[in-house]
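# Topology and contacts: notes
Now for the letters of each chain:
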Amino acid sequence: MTQPKLNRPDGIIIALDGPAGSGKSSTARAVAERLGYRHLDSGAFYRALTWAALRANIPADEWTALTPEQLDALDVHGAPEGRSYTLTVSGWDVSDAIRTPEVNAHVSRMAAVPAVREWLMDALREAGARGGLVADGRDIGTVVFPDAELKAYLVAAPEERARRRLREQGCGDPSAENVRAEARRLLGRDEIDAGRPVAPLAEAADAVRIDTTALSFEAQVEAVVRLARERAGG
Ligand code: CDP
């Protein structure tokens, strides 16, 4: 099937979606590097809003009532820098702060709020205005960039995802018990992400599914780069 050529001066848009810990962000970053594209980690925006709301002591059970004005007041911004976006809250770089277990535990509640998703949409779409973008998240291929030239849906077995996440957090060789506990947390988040009424985690009908359970990191990056080159026309 040939896709209509869209007017994107900097290249195609690549949407990478999938459940927590499937390797979307690290793959997206490496693919962007290989292609000379920019990387948009949409989850980082939801994480920064979560961090800012926690810091502002807004109770999580009031997040569903957040207004656009209150969201503005959280002072969260994503600014393009090099090949990615730097997230700030009140001018502070929160790149590390948004990866804590506390943010992990709350972010899916923030992301389920329709007003929050709507508030972020313009900023996310703006990032793709010129193309040349690899964006990762839960609804990139279904809602944010439904006309992306390449959509990939990354999946991996829950325990493998848990192992990767624990290693990323600095646990060199996690015990079987730690892996099981982390897998339960990831599956809990997937359940909220897939069950919410607005922009749920879902595989786009025209996505290419890539199971990364048994793939090396280099192999999964290569798989996406190869597809991207085909879709971009060489
Ligand atoms: O890296 P990981 O897959 O654990 O999560 P993330 O990509 O940083 O996203 C954190 C959370 O933000 C997800 O669990 C979703 O609840 C939410 N999210 C979303 O709803 N829509 C997106 N496009 C990206 C993230």
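Above this note sits the structure.
To keep things clear, this report deals only with the structure shown in the data block. The model shown is predicted, which means the values in this text are computed figures rather than measured ones. Once a new chain begins, its residue numbering starts again from 1 and follows that chain's sequence as written. Since the coordinates come from a predicted model, pLDDT governs what is reported: local features require at least 70, and pairs of side-chain atoms require 80 or more to be given and counted, while whole-chain, interface and lining totals use all residues. Excluded from the side-chain calculation are hydrogens and water; included are all heavy atoms of the structure.

## Digging into the overall build of the protein
The following threshold applies: A run of DSSP states H or I qualifies as a helix once it reaches four residues; a run of E qualifies as a strand once it reaches two. Both are numbered from the N-terminal end. Both definitions apply: the radius of gyration is a C-alpha atom measure, and the globule rule equals 2.2 Å times residues to the power 0.38. Classification of residues uses two cut-offs on accessible area relative to the type maximum, computed with a 1.4 Å probe and protein chains only: under 20% is buried, over 50% is exposed, and between them is partly exposed. Contacts are assigned to residue pairs that have any heavy atoms within 4.5 Å of one another. Surface accessibility in these figures is a Shrake-Rupley result with a 1.4 Å probe; residues are shielded only by whichever protein chains are displayed. Positive charges come from Lys and Arg, negative ones from Asp and Glu, while His and the chain ends are left out of the count. In this description, the location of a charge corresponds to atom NZ of lysine, CZ of arginine, CG of aspartate or CD of glutamate.
Counting its regular elements, the protein contains 9 helices and 8 strands. Computed over C-alpha atoms, the radius of gyration of the protein comes to 17 Å, within 12% of the 17 Å expected from 2.2 N^0.38 for 234 residues, which places it in the range of a compact globule. In terms of overall dimensions, the protein has C-alpha extents of about 50 × 45 × 35 Å along its principal axes. Residues classed as buried in the protein amount to 48% of the 234 residues present. If you take every contact in the protein between residues at least 6 apart in sequence, the share linking residues at least 24 apart comes to 77%. Carbon and sulfur atoms make up 51% of the accessible area of the protein, which totals about 11,600 Å². Across the protein, the 30 positively charged side chains and the 35 negatively charged ones have centroids separated by 4 Å.

## Describing the site of the ligand
Counted only if it meets this: Whether a residue is near a molecule or strand depends on its heavy atoms: it is near if one of them lies within 4 Å of it. Polar contact criterion, stated in full: a pair of N or O atoms within 3.5 Å, where within protein one must be able to donate a hydrogen and the other to accept it, and residues adjacent in sequence count only if both atoms are side-chain atoms. A 1.4 Å probe that fits into a set of points on a 1 Å grid over the protein atoms alone but cannot get out defines a cavity; an open set with protein on both sides within 12 Å along at least five of seven lines defines a pocket, and lining residues are those with an atom within 4 Å of a point. Whether a molecule lies in a cavity or pocket depends on its atoms, and more than half of them have to be within 2 Å of the grid points. Charged means Asp, Glu, Lys or Arg here, nonpolar means Ala, Val, Leu, Ile, Met, Phe, Trp, Tyr, Cys or Pro, and polar covers whatever is left, Gly included.
Around the ligand sit 19 residues in total, of which Arg47, Arg117, Asp139, Arg165 and Asp193 are the nearest. Between Ser42 and the ligand, the recorded distance is 3.0 Å, taken from a side-chain N or O atom to a nitrogen atom. One of the backbone nitrogen or oxygen atoms of Arg138 is found 3.1 Å away from a nitrogen atom of the ligand. Using a 2 Å cut-off from the grid points, one finds that the ligand occupies the largest pocket. Secondary structure elements with two or more residues in the shell around the ligand: helix H2 (42-55), helix H4 (101-111) and helix H8 (176-195). Sort the elements by how many residues they give to the shell around the ligand and H2 lands first, with 4 residues. Class assignment for the residues of the shell around the ligand results in 4 nonpolar, 5 polar and 10 charged.

## A word on the environment of Glu203
Here Glu203 lies in the loop between H8 and strand E8 (208-211). Residue Glu203 is classed as partly exposed on the basis of its relative accessible area, which comes to 31%. The spatial distance from the C-alpha of Glu203 to the C-alpha of Tyr153 is 6.2 Å, given a sequence separation of 50 residues. Not counting residues within four places of it along the chain, the set of residues in contact with Glu203 comprises Thr142, Tyr153 and Arg209.

## Re the layout of surface pockets
Rule in force here: Grid points are joined across faces, edges and corners, and a volume is the space filled by probe spheres set on the points.
In this structure, the largest pocket occupies an estimated 1,000 Å³ of space. Lining the largest pocket are 46 residues, with Ser25, Asp41, Arg99, Asp136 and Arg165 sitting closest to its centre. Here the lining of the largest pocket gets 6 residues from one element, more than from any other, and that element is helix H1 (residues 24-35). The residue makeup of the lining of the largest pocket, split by class, is 12 nonpolar, 17 polar and 17 charged. Approximately 270 Å³ is the volume attributed to the second largest pocket. Taken together, 13 residues line the second largest pocket, and the ones lying closest to its centre are Pro101, Asn104, Ala105, Arg185 and Arg189. Elements with a contribution of two residues or more to the lining of the second largest pocket: H4 and H8. Top contributing element to the lining of the second largest pocket by residue count: H8, with 6 residues.

By themselves, these are just geometric observations and shouldn't be taken as functional.
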